[in-house]
Amino acid sequence: MTATAPTAEAAVVDLLPSYIQDSWWTPEDPQKVAEVHDASTGEPVCRISTDGLDTRAAVEHARSVGQAGLGEMTIHQRALRLKHIAGYLDEHKEELYALSDRTGATRRDHLIDVDGGIGTLRVFSSKGRKELPNTNVIIDGDVEQLSRDGSFLGEHIYTRLTGAAVQINAFNFPVWGMLEKLGPSFIAGVPTIVKPASQTAYVTQACVRLMLESGLVPDGAIQLISGSARDLLDHLDHRDHVAFTGSAATAQMLRSHRNVQEGGVRFTAETDSLNAAILGPDAGPGTPEFDAFIKSVTLEMTAKAGQKCTAVRRTIVPSEHVDAVVEALRSRLESRVVLGDPRDEATTVGALASKDQQAEVGRAVQTLLRAGGTLCLGGPEGDVGTADAEAGAFFPPTVLSFDDARTPEVHAVEAFGPVTSVLGYADVDDAVELAALGGGSLVATVCTHDPQTAAAFARGIGSHHGRVLFLDRDDAKTSTGHGSPLPHLVHGGPGRAGGGEELGGVRAVKHYMQRTAVQGSPDLLTGVTGVWHRGARANTATPETVASGEAVHPFRKSLAELRIGDQFASGLRTVSLEDILAFAESTGDTFYAHTDEEAATANPFFPRRVAHGYLLVSWAAGLFVEPAPGPVLANTGLENLSFQTPVTYDDSIRVTLTAKQIIPRETDDYGEVRWDTVLHNQHDEIVATYDVLTRVAKEKDPDWA
């Protein structure tokens, strides 16, 4: 189970710098200095001190210089910049790996932290450019009609916070922990002040240095406090956002700060979590689910040496399978774990982050043993082989079991290392109650192949967890795992887990923005949002004005020429019964409302046989399209289609098409245009509404007429 640690060269001990007001800074005469040691060898790595650091100046620099630099760019421009930053970090990640070795992290752990952080930036960059507008205002939801004539509207918008995004991070993920918060705040346009945990701050500092060396970070967009943040919260107010990851005790201390309680500082926390892995009653030994379950639990025990906020602390299984689960965990751990210095290629599990952490995990395990736990493997006195447990912070994988699954301590004490407790349950309701005793968790895994069992657990434990992974034979190979927070999905949890929320795609960007209800006329809200509202002024072209040369059809305008509100209003086209029947025959859509006069007339929604909705949409395209090659390159779809008034034969329709939203692409020679589309009948009643999506060239080609 162990690897021999290589002989380490004596480390050079430097005073780790902070990055404040766009300059590297170290105290001239530090009085309070903390020393950080190599987790495996105990040798000094660096010293840390922030004596004399001006946190007020850092906050003001973020609010002024940082806000100005990020504010010069749009959401898409910031998202693209993030992609390039990720690329630069990827080119230099071996440097981060080498430093992370000193934290006790293995090469597999580097993939979670370093590569995981870089990958998270890339996901946020992609989602920011695909799912958000290329502006600095995001519309939230539909327009509300506040007056009968449409002259007074209301809606909700997001705009960026005008303060600083302060992130206070834990020791276990010095790269990912920073980048998963930096990504969304950067896209939102809010500058960041990073305060990493001292034990691994030298890795975070190296990552910040690389980002700055890339030349891609605007002035003031990021600052770094290497050491105690002391009075930082004293200088924050309602403009600022604090994202904390760490212990529940520290979170409570920060929450109680006057500026959080009374000053409106936005505060979110991700804290302790006694996460559970639950083996379904159908997933006994011999099933693929059982094997996947054992693999998942051992992976979560050993990745980052169990120092993950998402690690499995409680392994909840049917009572009749407790012994089988304990034996399977023992067998897999003993056969696969090689404990040692991560710089030894044979090592599969490294040291804890520090001697203090080693002692803390030991105390937690002793507490669990005194409460009635049975030591099945490992423990504070467990064998660490040739790994130097005196110099290094090694702790063996540890499995406990409890005769009484409701022992209070097992649902309250978190051993933040490679430790899990196996608990037996009687039935699904009992398992749900055991999971809930954790007081709120980040994640749970439920291993079952029965959809009804999965549904029962979802209803039972959903409100206690931020994320639930359902694992079975069908997704075991493709699942990203219990302990892997994905940038696409929310990360956080209720109760003991802190009550906060991070990640979740573009939801995370909006955490660094203010949602505001705005009211006004269509013209004013168009000006506020950059999106055309019905009733706002429009530059209208008709078939007659286009033919005479008085107006230009909007489809003949490149992105450089097109403006919000450019509009085309067609003439009328009459629908005949022959048109309806021909469309039914050619498409095969012979639904009775189109083909059976008696049945259609008996239907309360139709006056008689009616035109197909898709016939009308197709005709609408024919009414507004400009057929010659030109700036409109492609129709990519339509959204929000709603049919409101049926059209029967001898009725007529016309279409009004208006440039609603223009989204230039930063990396292509075209952009997206969203067109507000309304079909009316001859009585000016609305027949249908929808948005047409097109790709339009940025510049006009000379060959186009």
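Every chain is numbered independently, its residues counted from 1 as its sequence is written. Residues qualify for local features only when their pLDDT is at least 70, as the model is predicted, and side-chain atom pairs are given and counted only at 80 or more; totals for whole chains, interfaces and linings, by contrast, use all residues. As a convention, hydrogens and water are excluded, and side-chain values are obtained from all of the structure's heavy atoms.

Draft legend 1. Structural context of the overall build of the protein. Across its full length, the protein carries 20 helices and 29 strands. Seen along its three principal axes, the alpha-carbon backbone of the protein occupies a region of about 90 × 65 × 50 Å. Looking at the 705 residues of the protein, the share that counts as buried comes to 55%. For the protein, the accessible area works out to roughly 28900 Å², and carbon and sulfur atoms hold 49% of it. Charged residues are defined here as Lys and Arg on the positive side and Asp and Glu on the negative side; His and the ends of the chain fall outside this count. Where a charge sits is defined by one atom per residue type, namely NZ (Lys), CZ (Arg), CG (Asp) or CD (Glu). Side-chain charges of the protein comprise 61 positive and 94 negative groups, with the mean position of each set lying 3 Å from the other. To qualify as a helix, a DSSP run of H or I must reach at least 4 residues; to qualify as a strand, a run of E must reach at least 2; elements of each kind are numbered from the N terminus. Each residue's exposure class comes from its accessible area (1.4 Å probe, protein chains only) as a fraction of the maximum for that residue type: buried when under 20%, exposed when over 50%, partly exposed otherwise. Here, Shrake-Rupley sampling with a 1.4 Å probe gives the accessible areas, and only protein chains in the shown set may cover a residue.

Draft legend 2. Spotlight on the pattern of salt bridges. The salt bridge criterion pairs a side-chain nitrogen of Lys or Arg with a carboxyl oxygen of Asp or Glu, the two atoms within 4 Å. All chains considered together, the criterion is met by 37 salt bridges. Across the pair Glu 180 and Lys 181 runs a salt bridge whose closest N-O atoms are separated by 3.2 Å. A cluster of three or more residues bridged by salt bridges with shared partners is formed by Glu 60, Arg 63, Asp 237, Arg 239 and Asp 240.

Draft legend 3. Here's a closer look at the pairing of strand β8 (residues 165-168). Here β8 shows a buried face lined by Ala 165 and Gln 167 and a second buried face lined by Val 166 and Ile 168. Inspection of the sheet shows β8 paired to strand β11 (residues 241-245) by four bridges, in the parallel sense. Residue pairing across strands places Ile 168 opposite Phe 244, the latter belonging to β11. Looking at chain direction, β8 and strand β9 (residues 192-195) are connected through four bridges and run parallel. Bridge pairing in β9 links Ile 168 to Lys 195. Regarding topology, helix α5 (residues 176-188) serves as the crossover connection from β8 to the parallel β9, and that connection is right-handed. Only when DSSP finds a minimum of two bridges between them are two strands counted as paired. When the strands point away from the viewer and the path from the first strand over the helix to the second turns clockwise, the crossover is right-handed.

Draft legend 4. Quick look at helix α20 (residues 613-624). For α20, spanning twelve residues, the distance from its first C-alpha to its last is 17 Å, which sits close to the expected 16 Å at 1.5 Å a residue. Where α20 is concerned, the buried positions are Gly 613, Leu 615, Leu 616, Val 617, Trp 619, Ala 620, Leu 623 and Phe 624. By this rule, a helix spans an expected 1.5 Å times one less than how many residues it contains.

Draft legend 5. Summary view of the nonpolar core. To form a nonpolar core, buried Ala, Val, Leu, Ile, Met, Phe, Trp, Tyr and Cys residues must be joined to one another through side-chain atoms within 4.5 Å. Counting 58 residues, the largest nonpolar core has Leu 89, Leu 179 and Met 211 as its most contacted members. Mapped by element, the contributors of at least two residues to this core are β5 (44-48), α2 (75-91), α3 (93-101), α4 (107-131), α5, α6 (201-213), β10 (222-224) and α14 (506-510). Looking at this core, the element that brings in the most residues is α6, giving eight residues. Residue contacts are defined here by distance: any two heavy atoms, one from each residue, within 4.5 Å place the two residues in contact. In contact with Leu 179, not counting residues within four places along its chain, are Leu 89, Gly 117, Ile 118, Leu 121, Cys 207 and Met 211. Core analysis: the next-biggest nonpolar cluster, separate from the first, contains 38 residues, Ala 277, Ala 283, Val 361 and Val 399 among them.

Draft legend 6. Inspection of the sheet that holds strand β22 (residues 513-520) at higher detail. The strand order across the open sheet built from three strands is β6-β7-β22, with neighbouring strands paired in antiparallel fashion. One side of each edge strand has no neighbouring strand; the edge strands of this open sheet are β6 (138-145) and β22. The sheet shows a mean angle of 20 degrees between the axes of neighbouring strands, taken without regard to direction. Of the pairings in the sheet, the one linking strand β7 (residues 153-160) to β22 comprises eight bridges and is antiparallel in character. Across the sheet, the residue bridging to Ile 157 is Thr 516, located in β22. Axis lines are fitted through C-alpha atoms, for helices just across the contact stretch, and the angle between N-to-C directions can take any value from 0 to 180 degrees.

Draft legend 7. View of the side chain of Arg 313. With respect to the helices, strands and loops of the structure, Arg 313 is situated in strand β14 (residues 312-318). Overall, the relative accessible area of 5% leaves Arg 313 in the buried class. Think of a polar contact as two N or O atoms within 3.5 Å of one another; within protein, one of them needs to be a possible hydrogen donor and the other a possible acceptor, and neighboring residues in sequence only count if both atoms come from side chains. At 3.1 Å, the side chain of Arg 313 and the side chain of Glu 414 are in polar contact. A polar side-chain atom of Arg 313 sits 3.2 Å from the main-chain carbonyl oxygen of Ala 415. Ignoring sequence-local partners within four residues, the contact set of Arg 313 consists of Ser 273, Leu 274, Asn 275, Gly 306, Lys 308, Glu 414, Ala 415, Phe 416, Gly 417, Val 419, Thr 420 and Ser 421.

Draft legend 8. Structural view of the packing of aromatic side chains. Two rings from Phe, Tyr or Trp (for Trp, the six-membered ring) form a pair when their centres are within 6.5 Å of each other. A pair whose planes differ by under 30 degrees is stacked, one over 60 is edge-to-face, and the rest are tilted. Tallied over the entire structure, the rule returns seven aromatic pairs. Between Phe 555 and Phe 624, the aromatic rings sit 5.8 Å apart at their centres with planes inclined by 70 degrees, giving edge-to-face as the arrangement. Taken together, the residues Phe 555 in the loop between α16 (543-548) and β24 (566-569) and Phe 624 in helix α20 connect sequence positions 69 residues apart. As far as the burial class goes, Phe 555 and Phe 624 line up, both buried. When the ring of Phe 555 is compared with that of Trp 675, the centres are 5.2 Å apart and the planes differ by 55 degrees; the resulting orientation is tilted. Of this pair, Phe 555 sits in the loop between α16 and β24 while Trp 675 sits in strand β28 (residues 670-681), and the two are 120 residues apart along the sequence. Pairwise contacts between aromatic rings join Phe 555, Phe 624 and Trp 675 into one cluster.

Draft legend 9. A look at the sheet that holds strand β4 (residues 34-37). In space, the three strands of this open sheet follow the order β1-β5-β4, with mixed pairing throughout. Where the open sheet ends on each side, the last strands, each with one partner, are β1 (14-15) and β4. With two bridges joining them, β1 and β5 adopt parallel strand pairing. Among the inter-strand pairings, Leu 15 is bridged to a residue of β5, identified as Arg 47.

Draft legend 10. Broad picture of the packing of helix α12 (residues 428-436) against helix α13 (residues 451-461). Two numbers describe how α12 lies on α13: the axes approach to 10 Å, and their chain directions differ by 35 degrees. The handedness of the crossing between α12 and α13 is right-handed. Together, Val 428, Ala 431, Val 432 and Ala 435 of α12 and Ala 456, Phe 457, Gly 460 and Ile 461 of α13 make up the contact between the two elements. Each residue is assigned to one of three groups, with Ala, Val, Leu, Ile, Met, Phe, Trp, Tyr, Cys and Pro labelled nonpolar, Asp, Glu, Lys and Arg labelled charged, and all others, Gly among them, labelled polar. Split into classes, the residues belonging to the contact of α12 with α13 amount to seven nonpolar, one polar and no charged. We call a crossing left-handed when the near helix sits turned anticlockwise from the far one by less than a right angle, and right-handed when that turn is clockwise.

Draft legend 11. Local environment of unusual backbone geometry. Positive phi is not limited to glycine here, since Lys 304 has a value of about 55 degrees. When you line up the elements, Lys 304 lands in the loop between α9 (288-302) and β14. Of the residues examined, Lys 304 reaches a relative accessible area of 7% and is grouped as buried. Phi at Asn 640 takes a positive value of approximately 60 degrees, unusual for a residue other than glycine.

Draft legend 12. Structural detail: the packing of α3 against α4. Viewed as axis vectors pointing N to C, α3 and α4 meet at an angle of 135 degrees, and their least axial separation amounts to 10 Å. Classified by the angle their axes make, α3 and α4 are oblique. Handedness of the α3/α4 crossing: right-handed. Of α4, the residues touching α3 (which contributes Lys 93, Glu 94, Leu 96, Tyr 97, Ser 100 and Asp 101) are Arg 107, His 110, Leu 111, Val 114, Asp 115 and Ile 118. Note that the term roughly parallel is reserved for angles under 35 degrees, roughly antiparallel for angles over 145, roughly perpendicular for angles of 65 to 115, and oblique for everything else.

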